[in-house]
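# Analysis of the macromolecular model
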Amino acid sequence: MKKTYILDTNILIQTDGEIIFSLDDNDVVITNTTLEELDHLKTAPGETGYSARESIRKIFSFRHSEGSYTGGYPVGNGGTFRIEMDHLDGSLPQGWSLDKPDNRIIAAARSMTDENPEGTFLITNDAAMRIKALANGIHAQGYHNDEVDVNKIYKGRIEVETDQATIDNLYELRDISTEDELVENEFVRFKADNHSALTYYKDKAYHLIDPKMTVFGGVRPKNEGQAFALHALTAPADEIPLVILKGEAGTGKTYLSLAAALDQTYDSASTRLYDQVIITRSNTLSDADIGFLPGTLEEKMTPLLAPFYDNVRELLRKGSKEDFAQIDMQVQDMMQTGVINICSLAYIRGRSIPRSFMIVDEVQNMSPIQVKSLVTRAGLGTKLVLLGDPDQIDTPKLSKRSNGLSYIAEKMAGNPLCMQLTFKDTESVRSPLATAAAKIL
């Protein structure tokens, strides 16, 4: 049965308007109220304003097609798109004001439901609006196309029981062909009694990983997960341009990423693999809030990027007796000479970033559409590293199923250009106090 989907404004903002073209042979409707809300939001700062403008552009693109905005334009495989001019004859409960935009959308949805009771659906991720719609006998649901099955999230690693001969062959030959069917670039730990070998699967073969490799002044992995991560982080960008590391705080995601980045960047111009290290992170402040903060962009971003600074200081101080003042001078020199660059995600859109080692933290607080936009900014020779913990989401409109980190991890699983890893809880290298507090409190 052909269905009619009425799109709430937040769905268009979430998808940059792409949802209009993704509902196959069904009829897609927005109300005039939604169009007015998009018009109001188009000047909003940051992601919201951009998404509103993109949605308006996509709606405007129909003008050269055969049809009309009120009568419908063809879209998809037999579907249509039209604007409902808010016929408000749908009955609403007494006391509900039509001055509220949500109530006007619900009134229009109520009228359309009367015309097609079983085939009309209001699509909104606003839980309160869904409750109000359901209370008025309107089918309402969220948009789930960007959600992942949390029970089937790809972890990027497996463990295989084997015999001692296989372990010995791996260390002797370093690469062993196989007929096994695994996910491309999946990490594999072979285990035989008290012996093990760390490998990754690629091109129908297992390839040995050095668990004792060192980077930037002697930084080496402290456990199996860190060995896998460090291999991914040091793989050439023309082979592995995207690395995704997921895990709780204390697993070393940021520390290892910075160590690998500086190891391949903080060198002479003739031997370095990357021209710069770009560090940024998602934040729960709006772009408007950041814009009103005093100071330069770097000064505004400093509180958000404090974990990066702490790790850079620790890396520079490792094995050194220099005091913090001297270390801070080195950090400032790195920034002034362009070795390290601070970047706000709001200013990445539209850029193409070549030959850079780019680290993005707290990706679980980004939406799928934001991550899509970010990944497409990577130019030739750039390595993009996405870090985060899907269990620590601070953005109210996202969940473990719908955040950008989970989305990109699922979509890129098995892609030959990507390596990813989920750290185990036991691989946290926090202090004994922090570990005890996390468990007890």
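Located above this text is the structure these notes cover.
Remember, it's a predicted structure, so these values are computed and weren't measured experimentally. (Residues numbered from 1 in each chain as written. Predicted model: local features only at pLDDT ≥ 70, side-chain atom pairs only at ≥ 80, totals over all residues. Heavy atoms only, no water.)

## Section: the pattern of salt bridges
A full pass over the atoms with the stated rule returns 17 salt bridges. The residue arginine 157 makes a salt bridge to glutamate 224 at a minimum N-O spacing of 2.8 Å. Within this pair, whereas arginine 157 is found in strand S7 (residues 157-161), its partner glutamate 224 is found in helix H7 (residues 224-234), the two being separated by 67 residues in sequence. Relative accessible area serves as the criterion here: at 11%, arginine 157 is assigned to the buried category. (Salt bridge = Lys/Arg side-chain N within 4 Å of Asp/Glu carboxyl O. Helix = DSSP H or I, 4+ residues; strand = E, 2+ residues; numbered from the N terminus. Buried < 20%, exposed > 50% of the residue type's maximum accessible area, 1.4 Å probe, protein only.)

## Some words on the pairing of strand S9 (residues 187-192)
Of all six residues making up S9, five are buried, and the element is well covered by its neighbours. As paired strands, S9 and strand S10 (residues 195-202) are joined by six bridges and run antiparallel to one another. Across the sheet, the residue bridging to phenylalanine 190 is alanine 197, located in S10. (Pairing = 2+ DSSP bridges.)

## Brief notes about the pairing of strand S11 (residues 205-208)
In S11, alternate side chains face the same way, and those of Ala205 and His207 on one face and Tyr206 and Leu208 on the other are all buried. Where S10 folds back on S11, the antiparallel hairpin that results is connected by two residues, among which aspartate 203 adopts a positive phi of roughly 55°.

## Points about the sheet that holds strand S16 (residues 383-388)
If you trace the six strands from one edge of the open sheet to the other, you get S14-S13-S15-S16-S12-S17, paired in parallel fashion. The sheet terminates laterally at strand S14 (340-342) and strand S17 (418-422), the two strands that pair on one side only. The sheet shows a mean angle of 15° between the axes of neighbouring strands, direction not considered. Here strand S12 (residues 242-246) pairs with S17 via five bridges, running parallel. Note on S17: the bridge partner recorded for leucine 242 is cysteine 418. (Axes fitted to C-alpha atoms, helices over the stretch in contact; angles between N-to-C directions.)

## Let's talk about the sheet that holds strand S3 (residues 73-75)
Here we have six strands laid out as an open sheet, ordered S3-S4-S2-S1-S5-S6, and mixed in their pairing. One side of each edge strand has no neighbouring strand; the edge strands of this open sheet are S3 and strand S6 (139-141). Each strand axis lies, on average, 30° off the axis of its neighbour in the sheet, ignoring direction. As paired strands, strand S2 (residues 27-31) and strand S4 (residues 79-84) are joined by five bridges and run parallel to one another. The residue of S4 that forms the bridge with aspartate 27 is threonine 80.

## Details of the side chain of glutamate 427
Mapped onto the secondary structure, glutamate 427 falls in the loop between S17 and helix H15 (432-440). The exposure class assigned to glutamate 427 is buried, which follows from its relative accessible area of 6%.

## Examining helix H4 (residues 101-115)
Along its 15 residues, H4 runs 22 Å from first to last C-alpha, staying within 8% of the 21 Å computed at 1.5 Å per residue. For H4, the secondary structure elements touched by its buried residues are strand S1 (4-7), S2, helix H2 (32-41), S4, strand S5 (120-123) and helix H5 (127-135). (Expected span 1.5 Å × (residues − 1). Contact = heavy atoms within 4.5 Å.)

## Things to note about the packing of H7 against helix H8 (residues 253-265)
Two numbers describe how H7 lies on H8: the axes approach to 10 Å, and their chain directions differ by 35°. Two packed elements cross with a definite hand, and for H7 against H8 that hand is right-handed. Each of Gln226, Ala229, Leu230, Leu233 and Thr234 in H7 lies in contact with H8, whose residues at this interface are Leu256, Ser257, Ala260 and Gln264. Here the residues of the contact of H7 with H8 are counted per class, giving five nonpolar, four polar and no charged. (Left-handed = near helix turned anticlockwise from the far one by under 90°. Nonpolar A, V, L, I, M, F, W, Y, C, P; charged D, E, K, R; others polar.)

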